[in-house]
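Working through the structure, step by step
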Amino acid sequence: KGTTVISVAGNTGVSSVSYPGHAPNVIATGATTIRGCLADYSAFGRGLDLVAPGGGEDAALAGPQCKPAASGPGIVQLTLTGVASGTFRKFGYPNYDGTSMASAHLAGTAALVFAALRESLRRDPSPEEVEARLESTARRDGGLEDVNLYGAGLVDAAAATEP
């Protein structure tokens, strides 16, 4: 229906992208750590389109930037705390790890790309045009070359939105 759909690759840590990320016309997002390494929980393999920051520990796979024994910070998120008590009256900034954090980064970048392309094309871009721009501007250097682990690479919002 003309909408760019972003989804998680999954937090399984195996070579199998989960649905709905594996579905056709969906951009599946894997997660990287602070060192730009695939996160140990992130799904990878066939169907992985891009990666984005997700926090956590490095996977013991490939890339000179990876340090599997080293832990890393999560992604800080403003959220309601006290959920268990049912009060919902206080906000906090907990750290989370996951492909959900990564897909939020990619969805925000996709929205910026949509706006930039709309400006330059003078029409709404198609989901295929948005995905092509995200993939063609993704970072593939510094250990991010393995398509099986990183898809088209690490999303780069600055490069993706340049005129």
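A short tour of the structure in this document, coming up. What you see is a predicted model; the values in this text were computed from it and never measured.

Bringing the environment of Leu 154 into the picture now. Positionally, Leu 154 belongs in the loop between helix H3 (147–150) and helix H4 (157–160). Overall, Leu 154 belongs to the buried group, its relative accessible area being 11%. The spatial distance from the C-alpha of Leu 154 to the C-alpha of Arg 133 is 13 Å, given a sequence separation of 21 residues. Aside from chain neighbours lying at most four places away, what touches Leu 154 is Thr 32, Val 51, Ala 52, Pro 53, Ala 138, Arg 139 and Leu 144.

This next bit is on the state of the cysteines. In a disulfide, the sulfur atoms of two cysteines are held together by a covalent bond. If you walk through the whole model with that rule in mind, you get one disulfide. With its sulfur 2.1 Å from that of its partner, Cys 37 forms a disulfide with Cys 66. Here the S-S torsion is close to 100°, and the disulfide linking Cys 37 with Cys 66 is therefore right-handed. You can see Cys 37 sitting in the loop between strand E2 (27–32) and strand E3 (50–53) and its partner Cys 66 sitting in the loop between E3 and strand E4 (75–76), a full 29 residues away along the chain. With respect to class, Cys 37 is no different from Cys 66; both count as buried.

In the contact formed by helix H1 (residues 99–121) and helix H2 (residues 127–136), the axes pass within 9 Å of each other and the chain directions differ by 110°. The angle between the axes of H1 and H2 places the two elements in the roughly perpendicular class. Seen along the crossing, H1 lies across H2 with a hand that is right-handed. Facing H1, whose interface residues are Leu 106, Thr 109, Ala 110, Val 113, Phe 114, Leu 117 and Leu 121, H2 presents Glu 129, Val 130, Arg 133 and Leu 134. Here the contact of H1 with H2 is built from residues that sort into eight nonpolar, one polar and two charged.

This next bit is on the pattern of salt bridges. Tallied over the full model, the rule gives four salt bridges. With a closest N to O distance of 2.8 Å, Arg 35 and Asp 58 form a salt bridge. Taken together, the positions of Arg 35 in the loop between E2 and E3 and Asp 58 in the loop between E3 and E4 put the pair 23 residues apart, joining distant regions of the chain. Arg 139 serves as the salt-bridge partner of Asp 141, at 3.1 Å between the closest nitrogen and oxygen. Under the relative-accessibility criterion, Asp 141 is labelled partly exposed at 41%. Residue classification places Arg 139 among the partly exposed residues on the basis of a relative accessible area of 36%.

Rules used in this analysis
Residues numbered from 1 in each chain as written. Predicted model: local features only at pLDDT ≥ 70, side-chain atom pairs only at ≥ 80, totals over all residues. Heavy atoms only, no water. Helix = DSSP H or I, 4+ residues; strand = E, 2+ residues; numbered from the N terminus. Buried < 20%, exposed > 50% of the residue type's maximum accessible area, 1.4 Å probe, protein only. Contact = heavy atoms within 4.5 Å. Disulfide = S-S within 2.5 Å. Axes fitted to C-alpha atoms, helices over the stretch in contact; angles between N-to-C directions. Parallel < 35°, antiparallel > 145°, perpendicular 65-115°, else oblique. Left-handed = near helix turned anticlockwise from the far one by under 90°. Nonpolar A, V, L, I, M, F, W, Y, C, P; charged D, E, K, R; others polar. Salt bridge = Lys/Arg side-chain N within 4 Å of Asp/Glu carboxyl O.

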